[in-house]
Amino acid sequence: MAIQQRGYSYRIRVRDLNDEWVTETVTGTAMKPASKKKAQEREAELMRAIKNYEYHPEDNLTVLQLWKVYVEETHVKQKQLKDYKSLFKNHILPVLGGVPVKAISVGHVRKMVNRSLKTRFDNRKAPPKQENAKKALMSLQMLFNWGVENDKISRNPIKDRTKKVIPKEEDEDKSVRVYAQDREIDVYLDYAKNWRAGRHYNALYIAATTGIRASEITNLKWEDVNLDIKIPTISIGNKSISSHRVLQLDKVQASLLEDHRLKMSLLYYKKLGRSEMPDDYVFCNPHTLRKYYKDVYSKIFARLAKEILNEQQLPDFKGHFDGDRWVRKLTLHWLRHYHASVLIKNGISPKQVQERLGHADVSLTLRTYVKLWENFDIESSKVAVSRLKLPELLE
């Protein structure tokens, strides 16, 4: 047995049952050196594992070898496995593939994360997303946890040690800086009226005028829509979660939904030989009346945007004017941001905006749309001055 200090780390050496040396390192840095106490604890843990026949020589596996064993022995969904393979190929294996699992340290992980934060691995020119670095780190944790559960390795070398590896995004970076204009949204909605027989126009109009999310569009049922009261409403989200809210509708929105219901009844329900049920989805596949999958409207809107841009024959990465028409590539989530910007510009309070959008708390709303509220400072002064008589020196 031996514990040797090496720089900011400690090296542990103990003999196994075959009288061979087993070596491990408790790593540290200049900012946070490893402690001898931790090294002694790890030494005791290692000796206990050897004595109880729980020590795994397989800990000499490299990350690449462990990954190959995982691929061979697990049965996960094809799509999920495809995502894992992409993350390991582009983010994890180029940095950690040849490193033995037992030698993995926080420094190794930080090197992988920094590379992912600086580099894109596709042909897009946009900057890399922090989300990819987070996914890579989660996938690495998943691999090590799987290895421990299936007796491939004795412990996860980075368990509870990677909280500060990925830098926090500043609140300002999360704010929306550019907002869709009225005429931009009109271009998209006008095109949607005649695109694919106008089948998706109603859903997109409701999204633009209520700010509901893509998944909330597809989950909306007729039992959530109440058009028979003085002020029509729609109930959004599951009642057991914080994003649930009841939105009041304008006459135009109510009329559009009533017209949509009538059209569905005459063209589709009748053809299928059945009547409308309360648990039927409002916006669904008209030929089968089945629910659309979660992201369908995001993809529908992306195709709509592509056709608009192709028709205009202009680049899709910036806003351009063609006469009085905007032609900028938007996504479905822009409709939600557009709705929020309309509410804020018309003096709706942050609390009301938060409730309408279904944010968990008002601080999220303020962080996201901070740029819009910043413009209210001078407006507040103008409003205050306009309510009173001018001072004598200015009359």
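Residues numbered from 1 in each chain as written. Predicted model: local features only at pLDDT ≥ 70, side-chain atom pairs only at ≥ 80, totals over all residues. Heavy atoms only, no water.

Enquirer: What am I meant to see in helix H8 (residues 201–210) here?
Expert: Burial of H8 is extensive: nine of the 10 residues sit out of reach of the surface. Listed in full, the buried residues belonging to H8 are Tyr201, Asn202, Ala203, Leu204, Tyr205, Ile206, Ala207, Ala208 and Thr210. Looking at the residues trailing H8, positive phi occurs at Gly211, about 75°. (Buried < 20%, exposed > 50% of the residue type's maximum accessible area, 1.4 Å probe, protein only. Helix = DSSP H or I, 4+ residues; strand = E, 2+ residues; numbered from the N terminus.)

Enquirer: Help me understand the pattern of salt bridges in this model?
Expert: Once their charged atoms are close, side chains differing in charge can pair, the charge on each being opposite to the other. Within this structure, the stated rule accounts for eight salt bridges. The salt bridge partner of Glu45 is Arg42, with a shortest N-O separation of 2.7 Å. Taken together, the residues Glu45 and Arg42, both in helix H1 (residues 36–51) and three residues apart, mark about one turn of the helix. In this structure Glu45 comes out as partly exposed when scored by relative accessible area, which is 39%. Given the relative accessible area of 9%, Arg42 is considered buried. Of the charged contacts in the structure, one is a salt bridge between Glu73 and Lys152, with a shortest N-O distance of 3.2 Å. One end of the pair, Glu73, is in helix H2 (residues 63–73); the other, Lys152, is in the loop between helix H5 (130–149) and helix H6 (171–174), with 79 residues separating them in the sequence. (Salt bridge = Lys/Arg side-chain N within 4 Å of Asp/Glu carboxyl O.)

Enquirer: I keep staring at the packing of helix H3 (residues 78–96) against helix H4 (residues 106–118) and nothing clicks. Help me out?
Expert: Between two packed helices, the angle of one axis relative to the other and the distance separating the axes together describe the packing. Closest axis-to-axis distance for the H3/H4 pair is 9 Å, and the angle between their directions is 140°. Taken as axis vectors, H3 and H4 run oblique relative to one another. Note that H3 runs across H4; the crossing there is right-handed. Contacts between H3 and H4 involve Asn90, His91, Ile92, Pro94, Val95 and Leu96 from the former and His108, Lys111, Met112, Arg115 and Ser116 from the latter. (Axes fitted to C-alpha atoms, helices over the stretch in contact; angles between N-to-C directions. Parallel < 35°, antiparallel > 145°, perpendicular 65-115°, else oblique. Left-handed = near helix turned anticlockwise from the far one by under 90°. Contact = heavy atoms within 4.5 Å.)

Enquirer: I keep staring at the packing of aromatic side chains and nothing clicks. Help me out?
Expert: Think of a pair of aromatic rings as described by two things: how far the centres are apart, and how the planes are tilted against each other in angle. This structure, assessed with the given rule, holds seven aromatic pairs. With a centroid separation of 6.3 Å and 75° between ring planes, the pair formed by Tyr70 and Tyr84 is classed as edge-to-face. With Tyr70 in helix H2 and Tyr84 in helix H3, the pair connects residues that are 14 residues apart, well separated along the chain. With a centroid separation of 5.2 Å and 90° between ring planes, the pair formed by Tyr70 and Trp146 is classed as edge-to-face. With a gap of 76 residues between them, Tyr70 in helix H2 and Trp146 in helix H5 connect regions that are remote in the sequence. According to the relative accessible area criterion, Tyr70 is buried, its value standing at 3%. (Phe/Tyr/Trp six-rings, centres within 6.5 Å; stacked < 30°, edge-to-face > 60°.)

Enquirer: Just checking my understanding: could you explain the nonpolar core for this structure?
Expert: Within soluble globular proteins, side chains that are nonpolar tend to cluster in buried spots. Grouped together as the largest cluster of nonpolar side chains are 49 residues, with contacts concentrated most on Leu257, Phe283, Tyr297 and Leu304. For this core, the secondary-structure elements that each account for two or more residues are helix H7 (182–194), H8, helix H9 (214–219), strand E5 (233–236), helix H10 (251–269), helix H11 (296–312) and helix H12 (332–345). When residues no more than four places from it in sequence are discounted, the contact partners of Phe283 are Asn202, Ala203, Ile206, Ile217, Thr218, Leu220, Leu257, His260, Tyr292 and Tyr297. Counting 30 residues, the second-largest nonpolar core is a separate cluster that includes Tyr84, Ala133, Val165 and Ile166. (Core = buried A, V, L, I, M, F, W, Y, C linked by side-chain atoms within 4.5 Å.)

Enquirer: For this particular structure, what's the right way to read the pairing of E5?
Expert: In the case of a regular strand, side chains alternate between the two sheet surfaces. What you see with E5 is no split at all: Thr233 and Ser235 on one side and Ile234 and Ile236 on the other are buried throughout. Relative to E5, strand E4 (residues 225–226) runs antiparallel, the two being bridged by two bridges. What sits directly across from Val225, in E5, is Ile234. Strand direction decides the pairing type here: E5 and strand E6 (residues 245–248), joined by four bridges, are antiparallel. By the bridge assignment, Ile234 is partnered in E6 with Leu247. (Pairing = 2+ DSSP bridges.)

Enquirer: Would you mind showing me how to read the pairing of strand E3 (residues 21–26) here?
Expert: Residue alternation in E3 divides its side chains into a buried set, Val22, Glu24 and Val26, and an unburied set, Trp21, Thr23 and Thr25. Sheet analysis places strand E2 (residues 9–15) next to E3, joined by six bridges and oriented antiparallel. In the sheet register, Arg11 faces E3, and the bridge partner there is Thr25. The antiparallel hairpin formed by E2 and E3 contains five residues in its connecting segment, where Asp19 sits at a positive phi of about 60°.

Enquirer: So what exactly am I meant to see when it comes to unusual backbone geometry here?
Expert: Residues other than glycine predominantly adopt negative phi, and peptide bonds predominantly adopt the trans conformation. With a phi angle near 55°, Arg196 is a residue other than glycine that sits in the positive phi range. Assignment of secondary structure puts Arg196 in the loop between H7 and H8. Under the relative-accessibility criterion, Arg196 is labelled partly exposed at 36%. Despite not being glycine, Leu289 has its phi angle at roughly 60°, a positive value. Among the secondary structure elements, Leu289 is positioned in the loop between H10 and H11. With relative accessibility at 8%, the residue Leu289 sits in the buried group.

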